[in-house]
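Chains, contacts and geometry: an overview
Each chain, letter by letter, is given below.
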Amino acid sequence: MPEGDSVFRAAAQLHAALAGKELVSSDFRVPRFATLKLGGWTVDEVVPRGKHLLMRVQGPTPKDRLTIHSHLKMEGSWQVYPPGGRWRKPGFTARCVLRTATADAVGFSLGILEVVRTDQEDSIVGHLGPDLLGPDWDAAEAERRLLVSPDVPIGIALLDQSKLAGIGNIYRCEACFLAGVHPASPVSVVKDLAALITDAQILLSANLGAGRRTTVLNARGVPVGRTAGRPGYWVYRREHQPCLKCGTPIRRGVLGKDAGIEERDIYYCPTCQPYAVPESAG
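Residues numbered from 1 in each chain as written. Predicted model: local features only at pLDDT ≥ 70, side-chain atom pairs only at ≥ 80, totals over all residues. Heavy atoms only, no water.

Considering the nonpolar core
Filter applied, for reference: Definition of nonpolar core: a set of buried residues of the types Ala, Val, Leu, Ile, Met, Phe, Trp, Tyr and Cys, connected through side-chain atoms within 4.5 Å. Exposure is judged per residue with a 1.4 Å probe applied to protein chains only, and the accessible area is read against the type maximum: over 50% gives exposed, under 20% gives buried, and values in between give partly exposed. Segments assigned H or I by DSSP are reported as helices when at least four residues long, segments assigned E as strands when at least two residues long, and all are numbered from the N terminus. In what follows, residue pairs with any heavy atoms lying within 4.5 Å of each other are defined as contacts.
Judged by nonpolar contacts, the single largest core of 28 residues is most densely connected at Phe28, Met55, Ile68, Trp78 and Leu98. Of the residues forming this core, the biggest block, 6 residues, is contributed by helix 1 (residues 4-18). Residue contacts for leucine 98: discarding those within four places in its chain leaves Leu23, Ser25, Ser26, Phe28, Met55, Ile68, Trp78, Ala103, Asp104 and Ala105.

Let's talk about the pairing of strand 6 (residues 94-99)
So the rule is basically this: When DSSP finds two or more bridges between a pair of strands, those strands are recorded as paired.
Sheet analysis places strand 1 (residues 25-28) next to strand 6, joined by 4 bridges and oriented antiparallel. Looking across to strand 6, one finds that serine 26 is bridged to leucine 98. In terms of strand pairing, strand 6 meets strand 7 (residues 104-108) through 5 bridges, oriented antiparallel. Following the sheet pairing, alanine 94 is matched in strand 7 by phenylalanine 108. The loop that links strand 6 with its antiparallel partner strand 7 comprises 4 residues.

Looking at the side chain of threonine 67
Within the fold, threonine 67 resides in strand 4 (residues 65-71). Judged by relative accessible area, which is 0%, threonine 67 ranks as buried.

With respect to the environment of glutamate 22
Looking at the element boundaries, glutamate 22 is found in the loop between helix 1 and strand 1. Between the C-alpha atoms of glutamate 22 and proline 270, which are 248 residues apart in sequence, the distance is 55 Å. With sequence-adjacent residues up to four places away left out, glutamate 22 is seen in contact with Gly40, Trp41, Thr42, Arg99, Thr100 and Ala101.

Structural notes on the pairing of strand 7
Judged by how many residues are buried, strand 7 sits mostly within the fold: 5 of 5 residues are covered. As paired elements, strand 5 (residues 77-81) and strand 7 share 5 bridges and run antiparallel to each other. Along strand 7, the bridge assignment pairs tyrosine 81 with aspartate 104.

Concerning the packing of aromatic side chains
Put simply, the rule reads: In summary, the pairing rule links any two rings of Phe, Tyr or Trp, Trp by its six-membered ring, whose centres are within 6.5 Å, and it sorts them by plane angle into stacked for under 30 degrees, edge-to-face for over 60 and tilted for everything else. Consider the ring centre and the ring normal. A charge sits over the ring if Lys NZ or Arg CZ is within 6 Å of that centre and within 35 degrees of that normal.
Tallied over the entire structure, the rule returns 4 aromatic pairs. Ring centres 5.7 Å apart and planes at 85° place the aromatic pair tryptophan 87 and phenylalanine 108 in the edge-to-face group. You can see tryptophan 87 sitting in the loop between strand 5 and strand 6 and its partner phenylalanine 108 sitting in strand 7, a full 21 residues away along the chain. For tryptophan 87, a relative accessible area of 22% corresponds to the partly exposed category. For the pair phenylalanine 177 and tryptophan 234, a centre-to-centre distance of 5.5 Å together with 25° between the ring planes defines the contact as stacked. Within this pair, whereas phenylalanine 177 is found in helix 5 (residues 169-179), its partner tryptophan 234 is found in the loop between helix 6 (193-205) and strand 9 (251-255), the two being separated by 57 residues in sequence. The ring centre of tryptophan 234 lies 5.6 Å from the NZ or CZ of lysine 245, which sits over that ring.

Right, dumping it as structure tokens:
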């Protein structure tokens, strides 16, 4: 599933292509909005909110303001083409096509696509916690929300978008490694939760530019995992490969079944990230 950095980059690309431009036509290929036509409306801005994309459009009068809300889920993507350009994905996977005089924006395999009044955006994203890449990022509030559920495994809590928005499986695995905590350990045993949250925010921020994603940064926070021949991640998808810190083979597990949520793979170093339980539990 695309994570916060991917959505941030997608929003930036769409904003650059569409902001301030009048829509020549719109084509919503989902039953609920199939008859909605936004030709003549102007795109004000495209902004990310965690893993959500919000495209705000202005109609004929100041009161006519709508937001096109999309979520990429597992396979979705937005792509920008020159007018009439040939699509790189099958046409039957297109869920939204927005055309201006200078660009076509196409949303493929979108997990969520809906249109709401802009003044009702909170009904779809108001539940989200602080956005790690947002202008209103609040690390203290994110920590407070995580601590509300001290018995929840930290690896599950980090994926709860109502706690903090933008972390997916890659960043939860990598942040847990840097914190030296097993993803299945409860929130309450994390010795420095604030540092873990800060590391996650640093990792996402380091991947907003071009190039392949990497979480291996040097002491100055500069990515070094993009260097040829060097791993891009500390543990993610490195099962059986040596830990970059201690040499122990990385292990893979699953997390989520006992919590009644979708199972997701976890990757961890059994030496650097020993499983821990609260002291009261013995």
